[in-house]
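Report on the structure
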Amino acid sequence: MTKSILQFILLYIILVMAQVLVFNRLYLFDTALPLVFIYFIMRLPVTMSLVWVLTLSFLLGFTIDVFSDTLGMNALACTLLAPMRLPVLRLYFPREEDLTNPEPSMRSLGVGVYMKFAISISLLYCILFFTIESFTFFNIGKLILRIIGSSILTFIIIMCIDSLINHQRSEKRL
Amino acid sequence: MRNLFDFLLRFRAWIVFIIYVVLSCILLFSGNPYQRHVYMTSASQVSASVYDVGQSVTGYFHLRSINDDLQRRNAQLESEVIALRSTVNSLRLELSSDSITIAEPLKDFDFILASVINNSITHPHNFITISKGEADGVKPEMGVMDQNGIVGVVDVTGKHYSRIMSLLNPDFRLSCKLKNSDVIGSLVWDGKSPREALLEEIPKQAVYAPGDTIITSGYSAMFPDGIPVATVMSNERTHDDNFFTLRVKLLTDFTKLSTVQLVVSNNRDEIKKLEPNNIK
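Residues numbered from 1 in each chain as written. Chains lettered and ligands numbered in written order. Predicted model: local features only at pLDDT ≥ 70, side-chain atom pairs only at ≥ 80, totals over all residues. Heavy atoms only, no water.

Some words on the overall build of chain B
Heads up, the condition is: Numbering goes from the N terminus for both helices and strands, where a helix is a DSSP run of H or I of at least four residues and a strand is a run of E of at least two. Residue burial is assigned from relative accessible area. The probe radius is 1.4 Å, only protein chains are included, and a residue is buried under 20% of its type maximum, exposed over 50%, and partly exposed in between. Contacts are residue-level and defined by heavy atoms, with any inter-residue pair within 4.5 Å sufficient. For the area figures, the Shrake-Rupley method with a 1.4 Å probe applies, and any residue is considered shielded solely by the protein chains shown.
On a plain count of helices and strands, chain B comes out with five helices and twelve strands. Taking all 280 residues of chain B together, 43% fall into the buried category. Across chain B, contacts joining residues at least 24 apart in sequence account for 61% of those joining residues at least 6 apart. When the accessible surface of chain B is summed, it comes to about 15,700 Å², and 56% of that surface belongs to carbon and sulfur atoms.

Dropping the structure here:
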């Protein structure tokens, strides 16, 4: 238990650092911005109470906001995303009691289900974030382009991170 | 009472959810960026020191192209110095030396050099963080430029770091003029591309051609007169009959900022006292 709490703290720090130092600067074709830190929200165990998920999501969004000067935008989007996580997962994986490991990952869900889960969460988050962001400017074409481009990029990078983490774990077991 | 506790317990997740949503909305809509506290920005001690570490790695990435820019600027300034020196000499020959006054628009300004530790171009409102703060004499509303053109204006200052409101932020309007005709307009970013912006409120009768240079007007006391800002690309359609809008290409490359100069206006306090409500 303590070990997994430590692992989550480490994951939090690494994802925030990676987002603010690397991924915030990656802005492909003036449209696609990867929002990779939501991997933390996806990774939280399904058995965790909603109050904790909400608290951690809010704190994560707030931390990212302080670093990237988007005060409130990520905090709001993360808070809205947190309660949608389980319903989305149930859509593709109805019997969550069957999970061998309570943390959703490629290994515990299977590659196909996890891919569907990851693309849905990425798309949902990009819709939330870019809609909140565009309160000031409204340009529907650019908004849709940014949502689509960013969710695809976020999805690809999240799949890479997940396979990287699972790969390391299975190596340790050997 | 028991019922109330039951109710709170049953809906605690929803209550927590609503509290967080309200909290983020307060943060999101807390209005004026000048009133925001430095702790909640990228200029705070914690976030700025993280960016400092990142900058120590990424700071080397664009050195080659920045060096090219500096060489070009250097050559340009050198040729200007030579031209000015020859003008001064020829004038000195014609007139007695004590009657010559040379216009020096830069004499009222000093510069502070600072390195950029964080820069965003991806949001509708962009900010830059630099590694100089109040301890180095940085004050809010100072103008910021780099070797190519205008970068922005100082927004929030911490002790050793400050946040700059980038030119890529629609809250920042810069008074500019066309170099050839001295027609005044207002430069503002429209959020489309980090390389382009709009020059608004140009009178209908103004004459321009694509490729014309746009320079600072010197009306705002933030920047000296005559700093190149952008070049004209094309005309933009507007609904207003008396004014038109130009799409311009910014000379500053916001994707590769590294070192910036902060403009210290020696007359700023005096000008501000005279125009209490004009400088926005």
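Remarks on the nonpolar core
The tendency in soluble globular proteins is for nonpolar side chains to be buried as a group. Basically, it comes down to this: For the purposes of this section, nonpolar cores are sets of buried Ala, Val, Leu, Ile, Met, Phe, Trp, Tyr and Cys residues that join through side-chain atoms within 4.5 Å. In this document the domain limits rely on a domain assignment from an automatic tool or a database.
Core analysis: the largest hydrophobic core is formed by 117 residues, its most contacted members being Phe-40, Tyr-114 and Tyr-125 of chain A together with Leu-174, Leu-187 and Leu-262 of chain B. Among the elements that take part in this core, helix H7 (residues 111-133) of chain A stands out by supplying eleven residues, more than any other. When residues of this core are sorted by domain, at least three fall in each of domain 1 (63-169 + 257-274) and domain 2 (174-256) of chain B. Leaving out residues up to four positions away in the same chain, Leu-262 of chain B has contacts with Asp-110, Phe-111, Ile-112, Ala-114, Ile-130, Val-138, Met-142, Gly-143, Val-144 and Val-154 of chain B.

As for helix H4 (residues 73-81) of chain A
Where burial is concerned, most of H4 of chain A is hidden: eight out of the nine residues are buried. Buried residues in H4 of chain A make contact with helix H2 (39-43), helix H3 (50-68), helix H5 (85-92) and H7 of chain A together with helix H2 (12-28) of chain B.

Quick look at the packing of aromatic side chains
Each aromatic ring pair is characterised by the separation of its centres together with the angle its planes make. The condition is simple: Pairs were defined over the aromatic rings of Phe, Tyr and Trp, the Trp ring being its six-membered one, requiring ring centres within 6.5 Å. Orientation was assigned from the angle between planes: stacked under 30 degrees, edge-to-face over 60, tilted for the rest. Only Lys NZ and Arg CZ are tested; either one counts as a charge over a ring when it is within 6 Å of the ring centre and within 35 degrees of the ring normal.
Using the criterion set out here, one finds nine aromatic pairs over all chains in the structure. Both rings, one in Phe-8 of chain A and one in Phe-40 of chain A, keep their centres 6.0 Å apart while their planes meet at 85°; by these two values the pair is edge-to-face. One end of the pair, Phe-8 of chain A, is in helix H1 (residues 2-21); the other, Phe-40 of chain A, is in helix H2, with 32 residues separating them in the sequence. Using a relative accessible area of 12% as the deciding quantity, one classes Phe-8 of chain A as buried. Where Phe-129 of chain A meets Phe-130 of chain A, the ring centres are 5.2 Å apart and the plane angle is 75°; that geometry is what we call edge-to-face. The ring of Phe-127 of chain B is capped by Arg-163 of chain B, whose NZ or CZ atom sits 3.9 Å from the centre of that ring.

Some thoughts on the confidence of the model for chain A
Under the convention used in this document: The predictor reports its confidence for every residue as pLDDT, a score running from 0 up to 100.
Summarising the model, chain A shows a mean pLDDT of 81, and 90% of its residues fall at 70 or more. Mean pLDDT across the elements of chain A bottoms out in helix H6 (residues 106-109) of chain A (75) and peaks in H4 of chain A (88).

Examining the packing of H4 of chain A against H2 of chain B
For clarity, the threshold we go by: To obtain an axis, a line is fitted to C-alpha atoms, over the contacting stretch when the element is a helix, and the angle between two such axes runs from 0 to 180 degrees between their N-to-C directions. In these notes the angle categories are as follows: under 35 degrees is roughly parallel, over 145 is roughly antiparallel, 65 to 115 is roughly perpendicular, and the rest is oblique. Crossing handedness is read from the near helix: turned anticlockwise from the far helix by less than a right angle, it gives a left-handed crossing, and turned clockwise, a right-handed one. Under the grouping applied here, Gly and all other residues not named as nonpolar or charged are polar, the nonpolar ones being Ala, Val, Leu, Ile, Met, Phe, Trp, Tyr, Cys and Pro and the charged ones Asp, Glu, Lys and Arg.
Where H4 of chain A contacts H2 of chain B, the two axes come as close as 8 Å, and the packing angle between them is 160°. When the interaxial angle is binned, H4 of chain A and H2 of chain B end up roughly antiparallel. The element H4 of chain A and its partner H2 of chain B pack so that their crossing is left-handed. Of H2 of chain B, the residues touching H4 of chain A (which contributes Met-73, Ala-75, Leu-76, Thr-79 and Leu-80 of chain A) are Phe-17, Tyr-20, Val-21, Ser-24, Cys-25 and Leu-28 of chain B. Here the contact of H4 of chain A with H2 of chain B is built from residues that sort into nine nonpolar, two polar and no charged.

Observations concerning the interface of chain A and chain B
Here is the rule: Once two parts are joined, some of their accessible surface, as seen by a 1.4 Å probe, is lost; buried area is that loss totalled over both. Between Lys or Arg on one side and Asp or Glu on the other, a salt bridge is scored when a side-chain nitrogen of the former is within 4 Å of a carboxyl oxygen of the latter. N or O atoms closer than or at 3.5 Å make up a polar contact, with two conditions inside protein: a donor-capable atom paired with an acceptor-capable one, and, for residues adjacent in sequence, both atoms drawn from side chains.
Between chain A and chain B, the residue contacts involve 36 residues of the former and 41 residues of the latter. In total, chain A and chain B occlude about 3,300 Å² of area from one another, counting both sides; carbon and sulfur atoms represent 70% of this. There are zero salt bridges connecting chain A and chain B. Put simply, chain A and chain B have one residue pair in polar contact (both at pLDDT 80 or more) between them. If you list the elements that add at least two residues to the side of chain A that touches chain B, you get H1, H3, H4, H7 and helix H8 (140-173) of chain A. When residues of the side of chain A that touches chain B are assigned to their parent elements, the largest contribution, nine residues, is made by H3 of chain A. A class-by-class count of the residues in the side of chain A that touches chain B yields 22 nonpolar, eight polar and six charged.

Notes on the sheet that holds strand E3 (residues 143-145) of chain B
Residues and elements named next belong to chain B. So the rule is basically this: Think of it this way: DSSP has to see at least two bridges between two strands before they count as a pair.
Spatially, E1-E2-E5-E4-E3-E12 is the arrangement adopted by the six strands of the closed barrel, whose pairing is antiparallel. Across the sheet, the axes of successive neighbouring strands diverge by a mean angle of 45°, strand direction being ignored. One ladder, built from three bridges, connects E3 with strand E12 (residues 259-265); its direction is antiparallel. Bridge pairing in E12 places Val-144 opposite Leu-262.

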